[in-house]
Amino acid sequence: MSEGNRARLSFTIAIVAVIATFGIRVSAQDNPYRVVEGWAKLPEGRSWGSTAAVDVDSNDHIWVAERCGTNSCAGSNLSPILEFDPSGKLLRSFGAGMFVFPHGICVDKEGNVWVTDGDGKDGKGHQVFKFSPDGRVLMTLGKKGVKGNGPDTFDQPTGIAVAPNGDIFVTDGHGKNDRVVKFSKDGKFIKTWGRHGAGPGEFDQPHDISIGGSQNRVYIADRSNNRVQIFDQDGSFIAAWKQFGRPSAVFIAKDDTLYVSDSHSNSTVNPGYTRGITVGSAKDGSIKYFTPDPDLAQAEVNRISGASGIVADAKGTIYAADVGPHKLRKYVLK
């Protein structure tokens, strides 16, 4: 890194530290969004379970990983991977009988759908699946039902992101590994980085991951450390931002807009921050908008509410997978 770039980075980190230290945030009055409930329609007789993750494809179709009407797909014959058009019409579903705990989802530039299975039971789980848009299994990472910390095993993988060149990044974050695992586009192990801790490049429950923006950097929701960590694609640490609360989900749009969801904060967990969705800049960490969790009144009662998965389409419409309330909400500009 040049001296000029190093100086600019140091300045950005210093400004972000001031924001985080003094709790400077935009208010709910700076909220240009309105929430739309009940827009996505399931087949008659089926109800939403924990909606763990959401992404959009190049057609602005919405893909959701849903836990089979409850908080687990173990023993269920329902299909947890759902595709909707923007009007909320269900177009496709698949993945029945394959998952224990669908957790993360990513649609790559070719339209393939990647889903993590974040738990294990009855010989299933601890894997990552790549599907074609019509539901054919194209690749599997991890060993079925086996948890571990090797190059071919996971311990409750959480998030999944695919870089423009096809490299695959998995946050291995709900178990004991607290790491990122990187694979080539054909599924060959490249490297891993991170360990349990609170220092730069260390993690405590890396819950979600997104690659994007003008520099295609790696953004990780390091939830239990109350920060978003930023890396290059080789795993070199760039910055850690704490002004976005306790992040469960993170998404970076092509125009460097950063969307972060906090679904945990209350008076005892990360006090001083409010559950909701923060919209800012992926370049410098500045905050533009904040929209509060619709279930904010229950924040002191419910351990989790708000979005555990988040994405925005080309128009800036936000889709939020609200795992606790069992909802798929839409936020549109007023």
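Preceding this section is the structure that the text describes.
Read on for a plain summary of the structure. These numbers come from a predicted model, not from an experiment.

**Description of the packing of aromatic side chains**
Summed over the entire model, instances satisfying the criterion amount to 17 aromatic pairs. Positioned above the aromatic ring of Phe101, the side-chain terminus of Arg67 is 3.6 Å from the ring centre.

**Concerning the sheet that holds strand 15 (residues 217–222)**
Taken together, 4 strands build an open sheet; the order of strands is 14-15-16-17 and the sheet is antiparallel. Edge positions in the sheet fall to strand 14 (206–212) and strand 17 (237–241), since each has one partner strand and no second. The sheet shows a mean angle of 20° between the axes of neighbouring strands, taken without regard to direction. The pairing of strand 14 with strand 15 spans 6 bridges and is classified as antiparallel. Among the inter-strand pairings, Asp208 is bridged to a residue of strand 15, identified as Ala221.

**Focus: the sheet that holds strand 7 (residues 113–121)**
Sheets are built from strands paired through backbone hydrogen bonds, the pairs being either parallel or antiparallel. Within the open sheet, the 4 strands sit side by side as 6-7-8-9. Their pairing is antiparallel. With partners counted over all chains shown, the strands left at the sheet margins are strand 6 (102–107) and strand 9 (137–141), one partner each. Direction aside, neighbouring strands of the sheet carry axes that sit 20° apart on average. Sheet topology places strand 8 (residues 124–131) next to strand 9; 4 bridges connect them, and they run antiparallel. From the neighbouring strand, Phe129 faces strand 9, where its bridge partner is Thr140.

**A few points about the side chain of Ser248**
If you trace the backbone, Ser248 turns up in strand 18 (residues 247–252). A polar contact of 2.8 Å, which involves the side chain of Ser248, links it to the side chain of Arg223. In this structure the side chain of Ser248 is engaged in a polar contact, spanning 2.6 Å, whose partner is the side chain of Ser263. When near neighbours in sequence (up to four residues on either side) are disregarded, Ser248 contacts His207, Asp208, Ala221, Arg223, Ser261, Ser263, Ala307 and Ser308.

**Remarks on the pattern of salt bridges**
This structure, assessed with the given rule, holds 14 salt bridges. The shortest N-O distance in the salt bridge between Glu37 and Lys327 comes to 3.7 Å. Residue Glu37 is found in the loop between strand 1 (33–36) and strand 2 (51–56), and its partner Lys327 is found in strand 24 (residues 327–333); the two are separated by 290 residues along the sequence. Classification of Lys327 by relative accessible area gives partly exposed; the value is 33%. One salt bridge connects Arg329 with Asp295, and the closest N-O pair in it is separated by 3.0 Å. In this pair, Arg329 sits in strand 24 while Asp295 sits in the loop between strand 21 (287–292) and strand 22 (307–312), placing the two residues 34 residues apart along the sequence. Look at Arg329 and you get buried, because its relative accessible area is 1%. Among the charged side chains, a salt-bridge network with shared partners connects Glu37, Asp295, Asp322, Lys327 and Arg329.

**A short note on the environment of Thr116**
As for its placement among the helices and strands, Thr116 is situated in strand 7. Taking C-alpha positions, Thr116 is 8.5 Å from Gln156, a pair spaced 40 residues apart along the chain. Not counting residues within four places of it along the chain, the set of residues in contact with Thr116 comprises Phe99, Phe101, Pro102, His103, Gly104, Gln127, Val128, Pro157, Thr158, Gly159 and Ile160. Polar contacts involving the side chain of Thr116 include one to the main-chain carbonyl oxygen of Thr158, which spans 2.7 Å.

**Focus on the state of the cysteines**
Applying the stated criterion across every chain, the model contains 1 disulfide. Shown here is the disulfide that connects Cys68 with Cys73, its sulfur atoms set 2.0 Å apart. Looking along the S-S bond of the Cys68-Cys73 disulfide, the torsion reads about 95°, which is the right-handed sense. Among the residues examined, Cys68 registers a relative accessible area of 7% and is labelled buried. Overall, the relative accessible area of 3% leaves Cys73 in the buried class. Here Cys106 is not cross-linked by a disulfide; its sulfur's nearest cysteine counterpart is in Cys73, at 19 Å. The exposure class of Cys106 is buried, given its relative accessible area of 8%.

Conventions we followed
Residues numbered from 1 in each chain as written. Predicted model: local features only at pLDDT ≥ 70, side-chain atom pairs only at ≥ 80, totals over all residues. Heavy atoms only, no water. Phe/Tyr/Trp six-rings, centres within 6.5 Å; stacked < 30°, edge-to-face > 60°. Lys NZ or Arg CZ within 6 Å of the ring centre and 35° of its normal. Pairing = 2+ DSSP bridges. Helix = DSSP H or I, 4+ residues; strand = E, 2+ residues; numbered from the N terminus. Axes fitted to C-alpha atoms, helices over the stretch in contact; angles between N-to-C directions. Polar contact = N/O pair within 3.5 Å; in protein donor to acceptor, adjacent residues only side chain to side chain. Contact = heavy atoms within 4.5 Å. Salt bridge = Lys/Arg side-chain N within 4 Å of Asp/Glu carboxyl O. Buried < 20%, exposed > 50% of the residue type's maximum accessible area, 1.4 Å probe, protein only. Disulfide = S-S within 2.5 Å.

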